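# Summary of the model geometry
This is what each chain is made of:
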Amino acid sequence: MSKKILIINTGGTLSSVMKRNGLLPGLSIYDMQKELQMVSGETNIEIEDFCSLDSANIFPEDWSALAQRISDCRNDYDGIVVIHGTDTLAYTSSMLSYMLRNIGIPVVITGSQLSITNPVADAMENCRCAIHMAASQIPGVFVAFNRKVMLGCRASKVRSLSFDAFESINYPNIATISSLGMKIDTASVPERTGIFKLANTYSDKVCMIKMFPGIHRSLIESIAAQGYKGLYIEAYGIGGMPFLKHDFIGTLDKLIQGGLTVVVGTQCRYEGSKMDVYETGKRALEIGALQAHDMTGEAALTKLMWILGMTDDISEIRDYYSINVAGEMSC
Ligand code: ASP
């Protein structure tokens, strides 16, 4: 029997048209119906508009509402495809991986680097791949792009112009398409660990900064003074931060004692943090900073937002952050 797939449009380049102020999402899902039918093959597709936004304008409340919509209709479809702008797609796919943890159907997010109206675009190919994955009966949250499928919480946008815009970071691709068809690496799909229960709350009191030589500790003091509860720091190398000329780690210590949750990751795209090697990382671990290990920045930040939306209890936050929730972390 042919599979029933829902395609939800949120906007992005895939649905864009050129206007006086530049390229902006202007096509509704109904304007794209003919193209989507062409790539849907045997599957029976239904379509709907959720919003029509450049993904720079997607905010956490949109993640929450999207997760709610997907949860509400999950029993009516074999799979769901979400069309999304590529710029913040990896944040959305990471957060949906947590909010929709243990979902029983495939949820596949896709987009494109050129509008579906452009005859040489990657849009049709990406939708074809996403629809095919959504019909695979393999549950989870995924990203489909340029003939590959990645875990939603491992995908990251690594190229701003090329069709090969996304990579799966520190984790194998879930599927690839070649002349042999779509080959799914089922061993890499994280197992469901329990029943599905929508968890779409989040905290908007989370901030992210990138370490740079000359960073002043007053920056993090002002973040804490503004009432932020969580801070994700992209530190150097395997997770180093200064403690000499400017005692950044000493200031972090005070802020952590005051209740700020601090997660430390790396500016390096591959291989992650390992803070117990150098003094510049070890000191931060000793004062209670959590580490992101091999998570992407998108997965590390959204995980902090998600956990702080559920609890204020310091030991629960620490426990939750160190668990591999949806395949985002290897250790
Ligand atoms: N600015 C667009 C967006 O993220 C880029 C894209 O979709 O490729 O919505």
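Residues numbered from 1 in each chain as written. Predicted model: local features only at pLDDT ≥ 70, side-chain atom pairs only at ≥ 80, totals over all residues. Heavy atoms only, no water.

### Here we look at the pairing of strand β7 (residues 140-145)
A large share of β7 lies buried, amounting to six of its six residues. Burial of the side chains of β7 extends over both faces: Gly140, Phe142 and Ala144 are buried on one face and Val141, Val143 and Phe145 on the other. Relative to β7, strand β6 (residues 106-110) runs parallel, the two sharing four bridges. If you follow Ile109 over to β7, its bridge partner there is Val143. As defined by bridge partners, β7 adjoins strand β8 (residues 148-151) across four bridges and the pair is classed as antiparallel. Considered in β8, the bridge of Phe145 is made with Lys148. The loop that links β7 with its antiparallel partner β8 comprises two residues; one of these, Asn146, has a positive phi angle of about 50°. (Buried < 20%, exposed > 50% of the residue type's maximum accessible area, 1.4 Å probe, protein only. Helix = DSSP H or I, 4+ residues; strand = E, 2+ residues; numbered from the N terminus. Pairing = 2+ DSSP bridges.)

### Looking at the site of the ligand
Surrounding the ligand, one finds Gly12, Thr13, Asp54, Ser55, Gly85, Thr86, Asp87, Ser112 and Gln113. Contacts to the ligand include Asp87, whose side-chain N or O atom sits 2.9 Å from a nitrogen atom. In this structure, an oxygen atom belonging to the ligand sits 3.2 Å away from a main-chain N or O atom of Ser112. Partitioned by chemical class, the residues of the shell around the ligand number no nonpolar, seven polar and two charged. (Near = heavy atom within 4 Å. Polar contact = N/O pair within 3.5 Å; in protein donor to acceptor, adjacent residues only side chain to side chain. Nonpolar A, V, L, I, M, F, W, Y, C, P; charged D, E, K, R; others polar.)

### Remarks on the sheet that holds β7
With mixed pairing, the eight strands of this open sheet are ordered in space as β4-β1-β5-β6-β7-β8-β11-β12. The strands lining the two open edges of the sheet, one partner per strand, are β4 (44-53) and β12 (181-184). Sheet twist, expressed as the mean angle between neighbouring strand axes with direction ignored, is 20°. Strands in contact with helix α3 (residues 89-99) are β6 and β7; relative to β7, the strand with the most contacts, it is inclined by about 160°. Helix-sheet contacts for helix α4 (residues 123-134) involve β1 (4-11), β5 (79-83), β6, β7, β8, β11 (175-178) and β12, and the interaxial angle to β6 is about 170°. (Axes fitted to C-alpha atoms, helices over the stretch in contact; angles between N-to-C directions. Contact = heavy atoms within 4.5 Å.)

### Focus on the sheet that holds strand β13 (residues 206-210)
Where strands meet in a sheet, backbone hydrogen bonds hold them as pairs that are either parallel or antiparallel. The four strands are arranged β13-β14-β15-β16 in an open sheet whose pairing can be described as parallel. Both edges of this open sheet fall to β13 and β16 (290-291), since each of them pairs with a single strand only. With two bridges connecting them, strand β15 (residues 261-266) and β16 associate as parallel partners. Within the sheet, the bridge partner assigned to Val264 lies in β16 and is Gln291. The strands touched by helix α6 (residues 248-257) within the sheet are β13, β14 (230-235) and β15, with β14 carrying the most contacts at an inclination of about 160°.

### Side note on the packing of helix α2 (residues 60-73) against α3
Where α2 contacts α3, the two axes come as close as 10 Å, and the packing angle between them is 50°. One element, α2, and the other, α3, form an angle in the oblique class. Where α2 crosses over α3, the two elements pack in a sense that is right-handed. Across the interface between the two elements, Trp63, Ser64, Leu66, Ala67 and Ile70 from α2 touch Tyr91, Thr92, Met95, Leu96 and Met99 from α3. (Parallel < 35°, antiparallel > 145°, perpendicular 65-115°, else oblique. Left-handed = near helix turned anticlockwise from the far one by under 90°.)

### Quick word on α2
Along its 14 residues, α2 runs 20 Å from first to last C-alpha, staying within 8% of the 20 Å computed at 1.5 Å per residue. Those residues of α2 hidden inside the fold are in contact with β1, β4, β5, α3, β6 and α8 (297-308). (Expected span 1.5 Å × (residues − 1).)

### A closer look at the nonpolar core
In this structure, Ile7, Leu36, Ile70, Ile80, Leu100, Phe142 and Val149 are the most contacted members of the largest nonpolar core, which totals 84 residues. Ranked by residues supplied to this core, first place goes to α8 with eight residues. Aside from chain neighbours lying at most four places away, what touches Leu100 is Ala67, Ile70, Ser71, Val107, Val141, Phe196 and Leu198. Among the nonpolar cores identified, the runner-up in size contains 23 residues, and Phe243, Phe248, Leu260 and Ala289 belong to it. (Core = buried A, V, L, I, M, F, W, Y, C linked by side-chain atoms within 4.5 Å.)

### Some thoughts on the pattern of salt bridges
Scanning all chains against the criterion turns up 13 salt bridges. Among the salt bridges present, the one from Glu125 reaches Arg128, with a minimum N-O distance of 3.2 Å. Linking Glu125 with Arg128, this pair stays in helix α4, spanning three residues, or about one helical turn. The partly exposed category is assigned to Glu125, whose relative accessible area is 23%. For Arg128, a relative accessible area of 37% corresponds to the partly exposed category. With its nearest N and O atoms 3.8 Å apart, the salt bridge here joins Glu125 to Arg147. Pair noted here: Glu125 is in helix α4 and Arg147 is in the loop between β7 and β8, with a separation of 22 residues, a long-range link. Via salt bridges that share partners, Lys148, Arg159, Asp164 and Glu167 belong to a single interconnected network. (Salt bridge = Lys/Arg side-chain N within 4 Å of Asp/Glu carboxyl O.)

### Topic: the packing of aromatic side chains
One pass over the full model with this rule turns up three aromatic pairs. With a centroid separation of 5.5 Å and an interplanar angle of 25°, the aromatic rings of Tyr98 and Trp306 are classed as stacked. In this pair, Tyr98 sits in helix α3 while Trp306 sits in helix α8, placing the two residues 208 residues apart along the sequence. There is no split in this pair, since Tyr98 and Trp306 are both buried. Where Trp306 meets Tyr320, the ring centres are 5.7 Å apart and the plane angle is 80°; that geometry is what we call edge-to-face. Placement of Trp306 in helix α8 and of Tyr320 in helix α9 (residues 314-322) is noted, with a sequence separation of 14 residues between them. With relative accessibility at 1%, the residue Trp306 sits in the buried group. Taken together, Tyr98, Trp306 and Tyr320 form an aromatic cluster joined through their ring pairs. We note Lys4 situated over the ring of Tyr77; from NZ or CZ to the ring centre the distance is 5.0 Å. When the ring centre of Tyr321 is taken as reference, the NZ or CZ atom of Lys303 above it lies at 4.9 Å. (Phe/Tyr/Trp six-rings, centres within 6.5 Å; stacked < 30°, edge-to-face > 60°. Lys NZ or Arg CZ within 6 Å of the ring centre and 35° of its normal.)

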